[in-house]
Amino acid sequence: MGRAACAFAVVCAAGGAAADGAPAPLVAAWLEAPTGVYGHRVLGDIPEAFVLAARGADGAEYRFDLRDAPGDAAVFEDVAPRVVDADGDGAPDIVVVESDLSAGAQLAVYGLRRGALAKVAATPHIGTRFRWLAPVAVADLNGDGVTDLAYVDRPHLAKTLRVWSWAPGGLTEIASMGGVTNHRIGDPFISGGMRDCGAGPELVLADGDWRDIMAVRFDGGALAAHQIGPLDGPADFDAALACAR
């Protein structure tokens, strides 16, 4: 699977039993109810969808249908939802790209609240219809003990890496850097991801011209990139994620 971020798993194991009265931890998530209402199709053959579905370790299933949500019409626009601890509390959440039909994409975090799926945090929408973002990783990128969420804002246009961190009241953008990307229009996958080759986490991305693979580190103050090597195809991302380059 090396094209997708190693920090993201479409299905992830969640060990341990739930506390008394609490739902079992989420272990899998997927999208249902494909739709052409948005018609962006930035992911090629992967359609947008209305429903986020999830399963707990006890087999219980949950669904969140955007058609029933208050506010403007929206769809899920992603290769797959990711089951990952996004807020650092030890319980799995779901991270997924959600697009408003008028305001474009945002990175949304869903979790179990009172026995149902609910949106618990999100970045602002990009602001314009048909503008998308491509997730990179969810991890503590600078070693401060707080979970960070990284994505490429408009990977075909702005090509800007943005890092958001959990803070009181929601998510706060803490760093950004231009000139990198991780998706080409029509690809049904997101390239690159996160690796740790022994010196801490690095984000693996393409340069803005899709010629070189870049490794980006975050020291808590700024993002810094260095070239790993030329980019000739998906196998180069696989090698970089495996620390073979």
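See the structure printed just above.
Conventions adopted
Residues numbered from 1 in each chain as written. Predicted model: local features only at pLDDT ≥ 70, side-chain atom pairs only at ≥ 80, totals over all residues. Heavy atoms only, no water. Helix = DSSP H or I, 4+ residues; strand = E, 2+ residues; numbered from the N terminus. Core = buried A, V, L, I, M, F, W, Y, C linked by side-chain atoms within 4.5 Å. Buried < 20%, exposed > 50% of the residue type's maximum accessible area, 1.4 Å probe, protein only. Contact = heavy atoms within 4.5 Å. Disulfide = S-S within 2.5 Å. Pairing = 2+ DSSP bridges. Axes fitted to C-alpha atoms, helices over the stretch in contact; angles between N-to-C directions. Salt bridge = Lys/Arg side-chain N within 4 Å of Asp/Glu carboxyl O. Phe/Tyr/Trp six-rings, centres within 6.5 Å; stacked < 30°, edge-to-face > 60°. Polar contact = N/O pair within 3.5 Å; in protein donor to acceptor, adjacent residues only side chain to side chain.

**Observations regarding the environment of Ala24**
Step number 1: With respect to the secondary-structure elements, Ala24 resides in the segment before strand 1 (26-35).
Step number 2: Sequence separation of Ala24 and Arg55 is 31 residues, and the distance between their C-alpha atoms is 9.1 Å.

**Some words on the nonpolar core**
Generally speaking, nonpolar side chains in soluble globular proteins are found buried as a group.
Step number 1: Val95, Leu107, Val109, Trp132, Leu149 and Trp166 are the most contacted members of the largest nonpolar core, which has 20 residues in total.
Step number 2: When residues of this core are traced back to their parent elements, those giving at least two are strand 6 (93-100), strand 7 (104-113), strand 9 (133-139), strand 10 (148-153) and strand 11 (160-167).
Step number 3: Setting aside chain neighbours within four positions, we find Val109 in contact with Ala86, Asp93, Ile94, Val95, Ala118, Lys119, Val120, Ala121, Leu149 and Trp166.
Step number 4: Residues Ala175, Val180, Leu203 and Phe218 belong to the second largest nonpolar core, which totals 17 residues.

**A short note on the state of the cysteines**
By definition, a disulfide links the sulfur atoms of two cysteines through a covalent bond.
Step number 1: Under the counting rule described, the total for this entry stands at one disulfide.
Step number 2: Here Cys197 engages in a disulfide with Cys243; their sulfurs sit 2.1 Å apart. In this structure, the disulfide formed by Cys197 and Cys243 twists by about -95 degrees around the S-S bond and is classed as left-handed. Here Cys197, found in the loop between strand 14 (193-196) and strand 15 (201-207), pairs with Cys243, found in the segment after helix 1 (234-241); they are 46 residues apart in sequence, far enough to count as distant.

**As for the sheet that holds strand 12 (residues 170-178)**
Across a sheet, strands are paired by hydrogen bonds formed along the backbone, either parallel or antiparallel in direction.
Step number 1: Across the sheet, four strands lie side by side as 9-10-11-12; this open sheet has antiparallel pairing. Only two strands of the sheet have a single neighbouring strand rather than two, namely strand 9 and strand 12. When strand polarity is set aside, the average angle formed by the axes of neighbouring strands in this sheet is 25 degrees.
Step number 2: Pairing of strand 10 with strand 11, which is carried by six bridges, proceeds in the antiparallel orientation. Bridge assignment links Ala150 to a residue of strand 11, and that residue is Val163.

**So, the pattern of salt bridges**
Working definition: two side chains of opposite charge can pair if their charged atoms are close together.
Step number 1: The tally for this structure, following the rule as stated, stands at 12 salt bridges.
Step number 2: Of the charged contacts, one joins Arg184 and Asp187 as a salt bridge, the two residues approaching to 3.5 Å between their closest N and O atoms.
Step number 3: Taking the relative accessible area as the measure of exposure, Arg184 reaches 39% and is therefore partly exposed.
Step number 4: Within the structure, one salt-bridge network assembled from shared partners comprises Asp153, Arg154, Arg162 and Glu173.

**Some remarks on the packing of aromatic side chains**
Step number 1: Scanning the model with the defined rule gives four aromatic pairs in all.
Step number 2: Centre to centre, the rings of Phe64 and Tyr110 are 5.0 Å apart; their planes meet at 65 degrees, and the pair counts as edge-to-face. Highlighted residues: Phe64 in strand 3 (residues 61-65) and Tyr110 in strand 7, separated in sequence by 46 residues.

**Re the side chain of Arg82**
Step number 1: Summarising the element assignment, Arg82 is placed in strand 5 (residues 82-84).
Step number 2: The class for Arg82 is buried, based on a relative accessible area of 4%.
Step number 3: Within the local environment of Arg82, its side chain forms a polar contact with the side chain of Asp78, the two groups lying 2.5 Å apart.

**Structural notes on the pairing of strand 11**
Step number 1: Counted residue by residue, strand 11 has seven buried out of eight residues, so it is predominantly covered.
Step number 2: The turn linking strand 10 back onto strand 11 is made up of six residues, and Arg154 within it adopts a positive phi angle of 50 degrees.
Step number 3: In terms of strand pairing, strand 11 meets strand 12 through eight bridges, oriented antiparallel. Its bridge partner being in strand 12, Trp164 is matched across the sheet by Glu173.
Step number 4: Hairpin connection between strand 11 and strand 12: a loop of two residues separates the two successive antiparallel strands, and Gly169 in this loop has a positive phi of roughly 95 degrees.

**With respect to unusual backbone geometry**
Step number 1: The phi angle at Phe130 is positive, at roughly 65 degrees, despite the residue not being glycine.
Step number 2: With relative accessibility at 30%, the residue Phe130 sits in the partly exposed group.
Step number 3: Phi angles above zero are rare outside glycine, and Trp210 is one such case at about 60 degrees.

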